[in-house]
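# Remarks on the overall topology
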Amino acid sequence: MTGRVVACGDAVLGWKPGDRVFGLVGGGGLADHVAVHERHVVAVPERLDDLEAAAVPEAFLTAFDGMVSQAGLGPGDILLVNGANGGVGTAAVQIGHHVGARVIASARSAEAQRRLAELGAEAVAPGEVEERVREAGGADVILELVGGPNFALDIDLLATKGRLLIVGSGGGEKAEFSLRALTSRRARILGTMLRARPLEEKAAAVQAFGDHLVPGLADGSLRGIVDRVFPADQVETAFDYMAQPGKFGKVLLEF
C-alpha cells in the first residue's frame, strides 16, 4: 500500500496531510482510501514513483522479516529462494545480496533467470537447484515460495543448523519428509504471515523495514519490481492474470 496522507488522528505526531507513505494495512488494501496505524507506515523515498513504491512494502517486508529477523540471514550465508520470480522472490534475492549472502534462485523461464541474475542471484532452473546447492555446501536459509513439492528436498539441502522458511504454498499445501533428515541437521522450520500478527508486531516489522531497507531503496541499490499494472476497474482481470505462470515482480492495481 502506498499513497498520500489525507487526514490524521488527534494523537498522531509523526505525519501530516500530504506526506507520501507506504506500509501495511490489516486487509482491505484494494481501495482508494485506507485507515492505517501511524507506526504501520514509513516515508517513501523521493526516488520512488508511486508504482514502484506500491510494489515494495508487502514483498520486502515479508522477505526481510522472514529471512533476516526470524531466520537470521547474514553475510556469507547461502540463501536458496525457490520460485524467485514473483514479488516476494525478487525482493528476497535483492535483500539476500544486500546483506552479503550468496543467493541461489530458481525460476522456470530463461528470461526470469536472466533478470534474477541481474538482481544479484545465481539463477538456475528448478532441476538444477539440488546440484548447485550441494556444490555450495548446503543452504543456511531456504525461502520456500512454491510449497509442498519442494519440501523434502529443501530439508535435505539444508546445511547444519539451517533454517527453512515457508511463505508460499501455491504448489501444494501438504508434504512428506524425513524427521531424521531434520534432526540430524539440527535444522528449523519456520512459517510466517504478516496479516495474522497483532498491532505491535506489525509495527516492529514495518519499522525494521524502514531502518534497514528504505535507505537502499532511496539510493537505488534496492528496487521494487513491477510486472504489470491494471486499472482498479479491471480487478477481476488482474486476479486472473495473477493466477497465470510467468510473472516477474508485483502485479498492481492503480486507483
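Placed above this text is the structure.
What this report covers is the structure whose coordinates are included nearby. Being a predicted model, the structure only gives us computed values, none of them experimental.

On to the packing of aromatic side chains. Applying the stated rule across the entire model yields three aromatic pairs. Pairing F151 with F177 gives two aromatic rings, centres 5.0 Å apart and planes at 55 degrees, and the pair type is tilted. Here F151, found in helix α6 (residues 151-157), pairs with F177, found in the loop between β8 (158-166) and α7 (179-184); they are 26 residues apart in sequence, far enough to count as distant.

Turning to its location among the elements, L194 is positioned in the loop between β9 (188-191) and α8 (199-212). Classification of L194 by relative accessible area gives buried; the value is 12%. Considering only alpha carbons, one finds L194 and K250, 56 residues apart in sequence, at a separation of 17 Å. Residue contacts for L194: discarding those within four places in its chain leaves L24, E58, L61, T62, D65 and K202.

Further remarks concern the sheet that holds strand β5 (residues 102-106). The six strands are arranged β6-β5-β4-β7-β8-β9 in an open sheet whose pairing can be described as parallel. Unpaired on one side and paired on the other, β6 (122-124) and β9 mark the two borders of the sheet. Within the sheet, the average angular offset between the axes of one strand and its neighbour, ignoring direction, is 20 degrees. Of the pairings in the sheet, the one linking strand β7 (residues 139-144) to β8 comprises five bridges and is parallel in character. Across the sheet, the residue bridging to A139 is L158, located in β8. Relative to strand β4 (residues 78-82), helix α3 (residues 87-98) is tilted by about 170 degrees, and along the sheet it contacts β4, β5 and β7. Seen against the sheet, helix α5 (residues 129-136) touches β4, β5, β6 and β7 and runs at an angle of roughly 170 degrees to β5.

Right, let's get into α8. Its 14 residues place the ends of α8 20 Å apart at the C-alpha level, agreeing with the 20 Å of an ideal helix rising 1.5 Å per residue. Along α8, the residues classified as buried are K202, A203, A205, V206, A208, F209 and G210. Those residues of α8 hidden inside the fold are in contact with β2 (20-23), β3 (41-43), α2 (57-70) and α9 (214-219).

All right, on to the pattern of salt bridges then. Throughout the structure, instances matching the rule amount to 14 salt bridges. Residue R20 is joined to D50 by a salt bridge in which the shortest nitrogen-to-oxygen separation is 2.9 Å. Of this pair, R20 sits in strand β2 while D50 sits in helix α1 (residues 50-54), and the two are 30 residues apart along the sequence. Residue classification places R20 among the buried residues on the basis of a relative accessible area of 18%. For E118, the salt bridge goes to R114, with nearest N and O atoms at 2.5 Å. On the criterion of helical spacing, the pair formed by E118 and R114 is a turn pair, its members being four residues apart in helix α4 (residues 110-118). With a relative accessible area of 54%, E118 lands in the exposed category. What you see here is one network of salt bridges that share partners, running through E130, R134, D156 and R185.

What follows covers unusual backbone geometry. Positive phi, normally seen in glycine, also occurs at K161, with a value near 65 degrees. Positive phi is not limited to glycine here, since R186 has a value of about 50 degrees.

On to the sheet that holds β3, then. Across the sheet, three strands lie side by side as β1-β2-β3; this open sheet has antiparallel pairing. Among the strands making up the open sheet, the edge pair consists of β1 (2-4) and β3. Neighbouring strand axes in the sheet, compared pairwise and without regard to direction, differ in orientation by 35 degrees on average. Of the pairings in the sheet, the one linking β2 to β3 comprises three bridges and is antiparallel in character. Bridging across to β3, G23 finds its partner in V41. Helix-sheet contacts for α8 involve β2 and β3, and the interaxial angle to β3 is about 20 degrees.

About the thresholds
Residues numbered from 1 in each chain as written. Predicted model: local features only at pLDDT ≥ 70, side-chain atom pairs only at ≥ 80, totals over all residues. Heavy atoms only, no water. Phe/Tyr/Trp six-rings, centres within 6.5 Å; stacked < 30°, edge-to-face > 60°. Helix = DSSP H or I, 4+ residues; strand = E, 2+ residues; numbered from the N terminus. Buried < 20%, exposed > 50% of the residue type's maximum accessible area, 1.4 Å probe, protein only. Contact = heavy atoms within 4.5 Å. Pairing = 2+ DSSP bridges. Axes fitted to C-alpha atoms, helices over the stretch in contact; angles between N-to-C directions. Expected span 1.5 Å × (residues − 1). Salt bridge = Lys/Arg side-chain N within 4 Å of Asp/Glu carboxyl O.

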